[in-house]
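Inside the fold
So the chains spell out like this:
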There are 2 protein chains.
Amino acid sequence: MGQKTLLLTHNIETLGQMSCNPSIGGIGKGHLVKEVDALGGAMAAATDESGIQFRILNSSKGPAVRATRAQADRVLYRQAIRRRLENQQNLWLFQQAVDDLLVTGDRVDGVKTQLGLIFHARAVVLTAGTFLAGLVHVGQSNYQAGRAGDPPAISLAHRLRELKLPVGRLKTGTPPRLDGRSLDYSVMEIQPGDDPAPVFSFLGNASQHPHQLPCWITHTSEETHEIIRNGLDRSPLYTGVIAGVGPRYCPSIEDKVVRFAEKLSHQIFVEPEGLTTHEVYPNGISTSLPFDVQMALVRSIKGFEKAHVTRPGYAIEYDYFDPTGLKSSLETRAIQGLFFAGQINGTTGYEEAAAQGLLAGINAGLYVQERTAWCPQRNEAYLGVLVDDLITRGVTEPYRMFTSRAEYRLSLREDNADLRLTEAGRRLGVVDDLRWDAFMRKRDAIEAELARLRSVWVRPETLAEADALRVLGKPIEHEYSLYELLRRPDVDYAGILSLSDTSAVTNDPQVIEQVEIQAKYQGYIERQHDEIERGRALEGRPLPPDLDYSTVHGLSVEAQQKLNRHKPETIGHASRISGITPAAVSVLLVHLKRTGASIKHKNYA
Amino acid sequence: MGQKTLLLTHNIETLGQMSCNPSIGGIGKGHLVKEVDALGGAMAAATDESGIQFRILNSSKGPAVRATRAQADRVLYRQAIRRRLENQQNLWLFQQAVDDLLVTGDRVDGVKTQLGLIFHARAVVLTAGTFLAGLVHVGQSNYQAGRAGDPPAISLAHRLRELKLPVGRLKTGTPPRLDGRSLDYSVMEIQPGDDPAPVFSFLGNASQHPHQLPCWITHTSEETHEIIRNGLDRSPLYTGVIAGVGPRYCPSIEDKVVRFAEKLSHQIFVEPEGLTTHEVYPNGISTSLPFDVQMALVRSIKGFEKAHVTRPGYAIEYDYFDPTGLKSSLETRAIQGLFFAGQINGTTGYEEAAAQGLLAGINAGLYVQERTAWCPQRNEAYLGVLVDDLITRGVTEPYRMFTSRAEYRLSLREDNADLRLTEAGRRLGVVDDLRWDAFMRKRDAIEAELARLRSVWVRPETLAEADALRVLGKPIEHEYSLYELLRRPDVDYAGILSLSDTSAVTNDPQVIEQVEIQAKYQGYIERQHDEIERGRALEGRPLPPDLDYSTVHGLSVEAQQKLNRHKPETIGHASRISGITPAAVSVLLVHLKRTGASIKHKNYA
Ligand SMILES: Cc1cc2nc3c(=O)[nH]c(=O)nc-3n(C[C@H](O)[C@H](O)[C@H](O)COP(=O)(O)OP(=O)(O)OC[C@H]3O[C@@H](n4cnc5c(N)ncnc54)[C@H](O)[C@@H]3O)c2cc1C
Ligand SMILES: Cc1cc2nc3c(=O)[nH]c(=O)nc-3n(C[C@H](O)[C@H](O)[C@H](O)COP(=O)(O)OP(=O)(O)OC[C@H]3O[C@@H](n4cnc5c(N)ncnc54)[C@H](O)[C@@H]3O)c2cc1C
């Protein structure tokens, strides 16, 4: 976008540091990674360079819920990110903690660092992660830190509280790390990566991957659960020491044992941390129990009997800001030019953070250029779902992405993230020529191949019966286009190709995948499209930001209060605020029509 | 040595992190690196794997002051160290800050971590670097940190003060880092590495080196000095904010400008920080001036006019412990089993720290095994010089190694560090089979080749005149052994070889180097050896640790007090305590003889 940007960080060495498990993607999260990639972000490409195990999850299910997941080598990932940051045009790095925001009236004016240095800026994006007033807990002990080994951001947290931004506390946790050499893999189940290895970035290829490693699977035992139950009286979670709420979908092992008391065993994925380290990450036993309990519980697990723990598990509590205080551009409503992205908005996960960071960055750029914000909708991107969920519903626990959060998930697939977003990215100025050329070639090849399949006809008289049986399972009774045949269940593209002797436009697997999916799911996708179109009229209807809902007749007092608190940007937002009924939405529509108060729905330049 | 060892650290990711300039070795320091290598330490080998520029300093001078120096790639160095630590037998890593020492009576009993975990141990080696009550200064601003970006060790510092260990404050500093892309190298002088590239480890070879890069040289200008002088009123050094004393031989640029007011310009080495980063280290402008002054001074330097600073320069003040409170094993006198090594003892530099760490580690192992401590003498190793200087003289400023500190520097060369120390290391149990085999092969080859050179005679009648002129510059008048001829100035080994047709024992350049040096410097070395022998009798005479010097007649009150404070371990130590005159030493010798109080001089098992 050409905007001069300064990146301020506590420590340049920790840029790209993964706080918790060394893995990128997964269901819902993988979708975000592909969207970030489609918009020119670094995450997918960095993962292709650093991933030591790649898998497609749900590969036997429909394309909507298929998702890519990779284990990353922590060191290689950090390097891949650092290299990109250092080489990013118009980006300057500077190592200094931010202690204060400069605010003039209701506008941000820059930041002040730990050393009192002042940097003026028209827009500021704050991505402080778990560092704001971070407090690490293990058992009844706790101490201030940004994460284990890093200093916390105390002064900035104080200042943000002074600015009266709506603050709360959340918590997250991480398991102890183990020395792989002290584990007995022979009693675990091996989980190799997919072969051939999938690729994350639309521009990536498998030859970029370093050496691949398997993961391993083991299980907690009843003894493990007994040890945990006996430790609960010294758990900071169960004795009320931790006030912050933790992520429901990444619960600690003590949470799992308490909440699912009937389960006799929980699965643990033993994930390598990298090619050059023996440390492994036992995914599934995040805990803040006292260290002696951690040791005992670890050693009660099959294959971990002699485990050496290299780092204790811990929980961290930190300040987050109520995201209902944000616009859908991720700008704070309270302070113009100030954007929040990542864990600070109550989410959890690298992918959620990356997606928000990208969006906030784009919108900070647009803000400075005095262009309208770009706010992808729920039907365009998981990014839209994420932001809309955050700003209309807020969070009561760390928010993570799932495919089930998306109404239009048939359209929001991993495979078409580029087709959904790269054009927008190009207009915004975040998609470079390389990506744009590759994208156009792919888009055009898909169009051309679909057109070809639609125009090549197969006739009963020319189709050999053997071929018909092999590919279609039965003879055809009248002529069909290749496209129509491809739409049949159990018929695949390779088979279709073999039915005609005109050659395909491409052998690019990305193109073939699109052609196949678009043909097979056309019906569903079109139906969803209609739904989206119907919804869009309402969805996008803007509400005036200064509307005082207590003056809107026909709304319940509760609805008036909620709407005044949230100040939704559109009818769509309003409809998703909890407690806003379809009846209240109708009242709003009537009100808009009567007062003509609606502002024009602007689009970005 | 087979001792089970636990390494506790704030942050496993920062193991092997270079706090300041990415360079290893140099005059005096290179000697320490080779000694560490000769004893099985990691520093030289890690540098061979990560060095991006290698040079021999003083290559035109005598072998005693020749020294190896390398620029390291920071990331590769950290990885090389981490890999070695992870793969070290009997070593366990654990990520936890140490907050407290457990002491029972006058014996250390273990440590307590930030989370209250207790680890019992019979010996503890403390290597807290600049972290103890670390305070970072830039201009009049300061904040607590272990170094920029890392948390300080506050609790441990409090506890050590409570234990009444003799504590003081020192300071050190570092320059701002620059983005190499913002520099104009065309106006600087290039400084390539040596070709062929030297090697650091006795077991290393140049093929281990990654891609090599040049350094660059530029200079401060009068304008730079003016800017600095105008900033002094806001310098924490010159306004008394910093109490700690800084290293005289790595002064800040403001120090240099003030102390050498007559110099119009100072040299700056522009050193790459690595292969994968654009950051560069401007060696020579360490500073804690306010950041605006830093910016101005940087930009007043030729080639830096448009420099982007990525990290500010700063000074750090930290607690150190008076090393006169240590035994020559680096065990504290006050607390049995507690060893101190590195910056905590008042030294500065990676090499000084590595040497002490190795020695303290060996002696902690010997202590636990109830074997006598190993204390190399001043005539055996720079390591001996270092420790002896520290414990007998203490420090008033951060101590760094120089060849001028060694009386016996003709014997203490880089090239013979293995011949001086590897046998001792083998007996101690720190030299592995690989190193030992290579060492024995080398040692035997040197012996064999020296013997051969001594036994092959060249006679006037058989030496062609042309050969004599070419190699020796003149004919020989009677018969000489090859060895005798090699001792002549201007005659080199290759020339000598060409005079006889018996073939050499070896073509190993390390062996040839030794043969040449031992032959050429034999006279000097023997003289030094005699001196050492004469000194040794006195040097090693032990003094009883419980001797009350106020009862020794003939000593001045001052000498009595000093000796009682220092409790020197040997006559040699006593003689080097400032204010102890040769007369006082004689009194001590008489006293020893009279009382028979001398304890036997023990040697390690
Ligand atoms: C213990 C722990 C467990 C976790 N467990 C999970 C999990 O199970 N599943 C999951 O999906 N995610 C988990 N995460 C979350 C994941 O790490 C985060 O969601 C993600 O890293 C958030 O990214 P971010 O960019 O918002 O912040 P972070 O990755 O935390 O980065 C914040 C950055 O801001 C810098 N910074 C902070 N304050 C300042 C300041 N004042 N001045 C300058 N720089 C500053 C920091 O140095 C850091 O570089 C866990 C995190 C932690 C710490
Ligand atoms: C700003 C700066 C400038 C410097 N400039 C120079 C220079 O110009 N020339 C030069 O030769 N040298 C310089 N140095 C010095 C050089 O970095 C040190 O001498 C060397 O690193 C000391 O090594 P060390 O092992 O003693 O300590 P460090 O390298 O400081 O390592 C200490 C380690 O101990 C850990 N630690 C500390 N406290 C605890 C605790 N309580 N619990 C657990 N772990 C703990 C830390 O995490 C760290 O890993 C500089 C250092 C700094 C910080």
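Since this is a predicted model, take the numbers as computed values, not measurements. (Residues numbered from 1 in each chain as written. Chains lettered and ligands numbered in written order. Predicted model: local features only at pLDDT ≥ 70, side-chain atom pairs only at ≥ 80, totals over all residues. Heavy atoms only, no water.)

1. Observations concerning the packing of helix H2 (residues 43-50) of chain B against helix H3 (residues 74-87) of chain B
All names here are of chain B. As a reminder, the rule being used: Axes here mean lines fitted to C-alpha atoms, for a helix over just the part in contact, with angles spanning 0 to 180 degrees between N-to-C directions. Segments assigned H or I by DSSP are reported as helices when at least four residues long, segments assigned E as strands when at least two residues long, and all are numbered from the N terminus. What sets the label is the angle itself: under 35 degrees gives roughly parallel, over 145 gives roughly antiparallel, 65 to 115 gives roughly perpendicular, and the rest give oblique. Handedness of each helix crossing follows the sense of rotation of the near helix against the far helix: counterclockwise by less than a right angle gives left-handed, clockwise gives right-handed. Residues count as neighbours in contact if any of their non-hydrogen atoms are within 4.5 Å of one another. Three residue categories are used. Nonpolar comprises Ala, Val, Leu, Ile, Met, Phe, Trp, Tyr, Cys and Pro, charged comprises Asp, Glu, Lys and Arg, and polar comprises the others, including Gly.
Remark: H2 packs on H3, axes separated minimally by 8 Å, with the N-to-C direction vectors making an angle of 135°. One way to sum up the angle between H2 and H3 is to call them oblique. Where H2 crosses over H3, the handedness of that crossing is right-handed. In contact with Met43, Ala45, Ala46, Thr47, Glu49 and Ser50 of H2, H3 contributes Leu76, Tyr77, Ala80, Ile81, Arg83 and Arg84. For the contact of H2 with H3, the residue count by class is 7 nonpolar, 2 polar and 3 charged.

2. As for the relation of the copies chain B and chain A
Note the cut-off: Least-squares superposition of the copies uses the C-alpha atoms of those residues scoring a pLDDT of at least 70 in each of them.
Under the fitted operation, chain B is carried onto chain A by 0.0 Å of movement along the axis and a turn of 180°, and the coordinates agree to an RMSD of 0.1 Å. Here the transformation between the copies is reduced to the relation of a two-fold axis. Minimal C-alpha distance to the rotation axis in chain B is attained by Pro151 of chain B, lying at 2.6 Å. Here 95% of the interface residues in chain B have copies in chain A that are interface residues too; the copies meet face to matching face.

3. Things to note about the sheet that holds strand E6 (residues 98-104) of chain A
Residues and elements named next belong to chain A. The condition is simple: Strands qualify as paired when DSSP identifies two bridges or more between them.
Taken together, 3 strands build an open sheet; the order of strands is E6-E7-E8 and the sheet is antiparallel. With partners counted over all chains shown, the strands left at the sheet margins are E6 and strand E8 (118-120), one partner each. Each strand axis lies, on average, 25° off the axis of its neighbour in the sheet, ignoring direction. By the bridge criterion, 3 bridges tie strand E7 (residues 107-113) to E8 in an arrangement that is antiparallel. Residue pairing across strands places Lys112 opposite Ile118, the latter belonging to E8.

4. Concerning the site of ligand 2
All names here are of chain B. So the rule is basically this: We call a residue near a molecule or strand when any one of its heavy atoms sits within 4 Å of it. For this analysis, a polar contact is any N or O atom pair within 3.5 Å, provided that within protein one partner can donate a hydrogen and the other can accept it, and provided that sequence-adjacent residues contribute only side-chain to side-chain pairs. Accessibility throughout is a Shrake-Rupley quantity obtained with a 1.4 Å probe, and a residue counts as covered only by protein chains that appear here. What fixes the domain bounds is an automatic or database domain assignment.
Cys20, Val98, Gly173, Gln343 and Gly349 are the nearest of the 28 residues found near ligand 2. A distance of 3.3 Å separates a nitrogen atom of ligand 2 from a polar side-chain atom of Thr348. For ligand 2, whose free accessible area comes to 990 Å², the fraction covered by protein is 89%. Those elements giving two or more residues to the shell around ligand 2 turn out to be strand E1 (5-9), strand E12 (167-174), strand E19 (314-321) and helix H8 (350-368). Among the elements that make up the shell around ligand 2, the one with the highest residue count is E12 (3 residues). The residue inventory of the shell around ligand 2, partitioned by class, reads 13 nonpolar, 14 polar and 1 charged. Lining the shell around ligand 2 are residues from two domains, each supplying at least three of them: domain 1 (5-127 + 150-166 + 323-424) and domain 2 (177-317).

5. Digging into the packing of aromatic side chains
Selection rule: Within 6.5 Å between ring centres, the rings of Phe, Tyr and Trp (the latter by its six-membered ring) count as paired, and their orientation is classed by plane angle as stacked under 30 degrees, edge-to-face over 60, tilted in between. Summary of the burial criterion: residues with accessible area below 20% of their type's maximum are buried, those above 50% are exposed, and those between are partly exposed, where the area comes from a 1.4 Å probe applied to protein chains only. Note on geometry: a ring has a charge over it if NZ (lysine) or CZ (arginine) is within 6 Å of the ring centre and within 35 degrees of the ring normal.
For the structure on display, the rule yields 14 aromatic pairs over all chains. Ring geometry for Tyr521 of chain A against Tyr524 of chain A: centres 6.1 Å apart, planes inclined by 45°, an arrangement best described as tilted. Assessed through its relative accessible area of 23%, Tyr521 of chain A is described here as partly exposed. The partly exposed category is assigned to Tyr524 of chain A, whose relative accessible area is 46%. Measuring from centroid to centroid gives 6.1 Å for Phe339 of chain B and Tyr367 of chain B, while their planes differ by 80°, and the two rings are edge-to-face. In this pair, Phe339 of chain B sits in strand E20 (residues 338-340) while Tyr367 of chain B sits in helix H8, placing the two residues 28 residues apart along the sequence. Residue Phe339 of chain B shares its accessibility class with Tyr367 of chain B, and that shared class is buried. An aromatic cluster of at least three residues, connected via ring pairs, comprises Phe94 and Phe119 of chain A together with Phe291 of chain B. Over the ring of Tyr483 of chain A we find Arg454 of chain A; its NZ or CZ atom is 4.2 Å from the centre of that ring.

6. Side note on the domain arrangement of chain A
Residue and element names in this part refer to chain A. Let me state the cut-off plainly: What gets called buried area is simply the loss in accessible area from a 1.4 Å probe that two parts show on being joined, summed for both. Each reported salt bridge corresponds to a side-chain nitrogen of Lys or Arg within 4 Å of a carboxyl oxygen of Asp or Glu.
Per the domain assignment, the segments making up chain A are domain 1 (5-127 + 150-166 + 323-424), domain 2 (177-317), domain 3 (433-536) and domain 4 (541-595). Placing the centre of domain 1 and that of domain 3 at their C-alpha centroids yields a distance of 36 Å. Counting residues at the interface gives 19 residues for domain 1, matched by 18 residues for domain 3. Here domain 1 packs against domain 3, burying approximately 1600 Å² in sum over the two surfaces, 58% of which is carbon and sulfur. When the buried area of domain 1 at its contact with domain 3 is split by residue, Tyr408, Leu410 and Leu419 rank highest and sum to 31% of it. One can count 3 salt bridges joining domain 1 with domain 3. A salt bridge links Asp418 to Lys442; the shortest N-O distance between them is 2.7 Å.

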